[in-house]
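These are the residues of each chain, in order.
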Amino acid sequence: MRRSAFLVLVAAVLAASCGGRATSFPTSSRLSRIHQRGLVVCGVFPGIAGFAQVDRTGRYTGFDIDLCRAVAAAVVGSADRIRFETVATLDLLQRSSDIDLVSRRLTWSLRREGMGVLFGPITFYDGQGFLVAGHLRAHGVDGLAGVPICVVENSEHDVSLMAYFRRHRIPLERVGVADGAAAGRALAGGRCQAFSADVSELTSVRSTMEDPRAFRILADRITSEPLAQLVRQEDIDLFNVLRWTVFAMITAEELGVTSANVGEMARSEDPDVGRLLGTVPGNGAALGLDEAWARRVIADVGNYGEVFERNLGTSTPIGMERGPNALWSSGGLLVAPPLK
């Protein structure tokens with residue numbers, strides 16, 4: 001009798017452990033902590049129009065914000081189950097174990113990754129460029145020889161600007177300023193005729209000027225700045241969810257799945273759509289999520305194109321063309337591995 005009871009107990013324990021394998025996590029994992037908390041904590045840096053802003057009511061909006069919301073939709077079931085924390089430097093991420101991921105226009109670089117973080121997929125291809133007064137006849141960097149150029153003093157942009165002009169033997173008249181807002185005022189007031197920073201910042205500064213149409217951004221770029229979200233190196237489970245959330249948003253745009261038609265598309269017989277939306281099972285289990293994770297991302301936040309156009313596109317004050325941030329099939333650089 002004792003042996004029979006023991007065998008029944010062993011069988012019950014094994015059945016319980018096997019039955020929860022697809023959706024359970026180690027108690028110390030980041031996904032487990034998020035589930036226990038019931039929301040995602042995302043580190044952001046408000047202040048750049050189109051990417052991250054917070055209004056007087058405390059509502060956060062922007063491209064970086066929406067990518068955080070997408071991860072929340074995948075992991076905890078709703079894009080609104082999220083809390084934002086200001087992260088001015090990566091040191092704050094290391095000091096706060098509560099922050100799950102960071103989304104704040106950071107360039108993926110070797111030395112940053114050496115700080116104990118992992119960058120997800122590139123979500124925005126940026127680069128240092130030039131915002132110039134409309135009346136300036138310059139059509140490229142060569143035309144800025146001897147032209148007063150504002151740049152944030154002692155910044156990476158400052159270093160890159162001086163190095164580029166020195167390398168190409170272009171005379172540089174540099175005007176140091178405190179920040180992007182100061183550069184916008186100096187440009188509008190005639191103290192400088194150009195402002196050099198990442199294009200994402202240039203479009204933001206231009207959108208806040210009294211007459212944005214009086215200024216234009218040159219096509220030339222003097223650096224390449226691939227921007228991506230990041231997590232701690234030890235949080236591999238969240239890293240995988242971040243990667244495949246971004247890939248799902250890119251894939252959704254490619255397949256024509258939007259926040260408006262996701263319900264209808266869930267009835268599609270296309271196997272690629274089925275795998276994306278979870279009607280063909282397997283992807284959710286591979287990530288430790290339920291099968292509807294990507295469907296929620298698209299329903300709550302949208303595909304990549306929707307997020308770009310809503311925050312940065314030509315119909316917004318930012319007025320940015322897709323350029324390299326278009327799908328590979330449209331001449332851009334965005335591509336996702338197969339969701340299968």
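Since we're looking at a predicted model, the values are computed, not measured. Residue numbering note: each chain is counted from 1, following its sequence as written. The predicted nature of this model means local features are confined to residues of pLDDT at least 70 and side-chain atom pairs, given and counted, to a pLDDT of 80 or more, with totals for whole chains, interfaces and linings taken over all residues. Side-chain numbers here rest on the full set of heavy atoms in the structure, without hydrogens or water.

**Re the sheet that holds strand β9 (residues 173–177)**
Within a beta sheet, neighbouring strands are joined by backbone hydrogen bonds and run either parallel or antiparallel to one another. For two strands to be treated as a pair, DSSP must find no fewer than two bridges joining them. For the purposes of this entry, the term helix denotes a DSSP run of H or I that reaches at least four residues, the term strand denotes a run of E that reaches at least two, and both are numbered from the N terminus. Pairing is mixed in the open sheet, where 5 strands are placed in the order β9-β8-β10-β7-β11. Strands with a single pairing partner mark the edges of an open sheet, and in this sheet they are β9 and β11 (215–217). Strand-to-strand twist across the sheet, computed as the mean angle between neighbouring axes with direction ignored, equals 30°. Two elements, strand β8 (residues 148–152) and β9, share 5 bridges in a ladder whose sense is parallel. Pairing of Pro148 across the sheet is with Glu173, part of β9. Residues are treated as being in contact if the distance between any of their heavy atoms lies within 4.5 Å. Axes, fitted as lines to C-alpha atoms, cover a helix only where it is in contact. Angles between the N-to-C directions of the axes lie from 0 to 180 degrees. Those strands touched by helix α7 (residues 180–189) are β7 (128–133), β8, β9, β10 (194–198) and β11, and its axis lies near 155° from that of β10.

**Details of the environment of Tyr164**
Note that Tyr164 resides in helix α6 (residues 156–167). In the structure, Tyr164 is positioned 56 residues away from Trp108 in sequence and 21 Å away in space, judged by C-alpha atoms. Apart from the residues lying within four places of it in its own chain, the contact partners of Tyr164 are Val141, Ile170 and Ile222.

**Considering the packing of aromatic side chains**
Aromatic rings in a pair are described by how distant their centres are and how their planes are angled relative to each other. A pair of Phe, Tyr and Trp rings is counted when the ring centres sit within 6.5 Å of each other, with Trp represented by its six-membered ring. The angle between the planes then sorts it: under 30 degrees is stacked, over 60 is edge-to-face, the rest tilted. Summed over all chains, the structure comprises 11 aromatic pairs. Judged by centre distance (5.8 Å) and plane angle (70°), the rings of Phe51 and Phe63 are edge-to-face. One end of the pair, Phe51, is in the loop between β1 (40–44) and β2 (53–54); the other, Phe63, is in helix α3 (residues 63–76), and 12 residues separate them in sequence. Only protein chains enter the area calculation, which uses a 1.4 Å probe; residues under 20% of their type maximum are buried, those over 50% are exposed, and those in between are partly exposed. The buried category is assigned to Phe63, whose relative accessible area is 1%. Three or more aromatic residues joined by ring pairs make a cluster, and in this case those are Phe51, Phe63, Phe124, Tyr304 and Phe308. Lying over the aromatic face of Phe45, Arg104 brings its terminal NZ or CZ to 4.7 Å of the ring centre. Throughout this description, the term charge over a ring refers to an Arg CZ or Lys NZ atom that lies within 6 Å of the ring centre and within 35 degrees of the ring normal. In this structure, Arg322 packs its charged tip against the face of Phe308, placed 5.3 Å from the ring centre.

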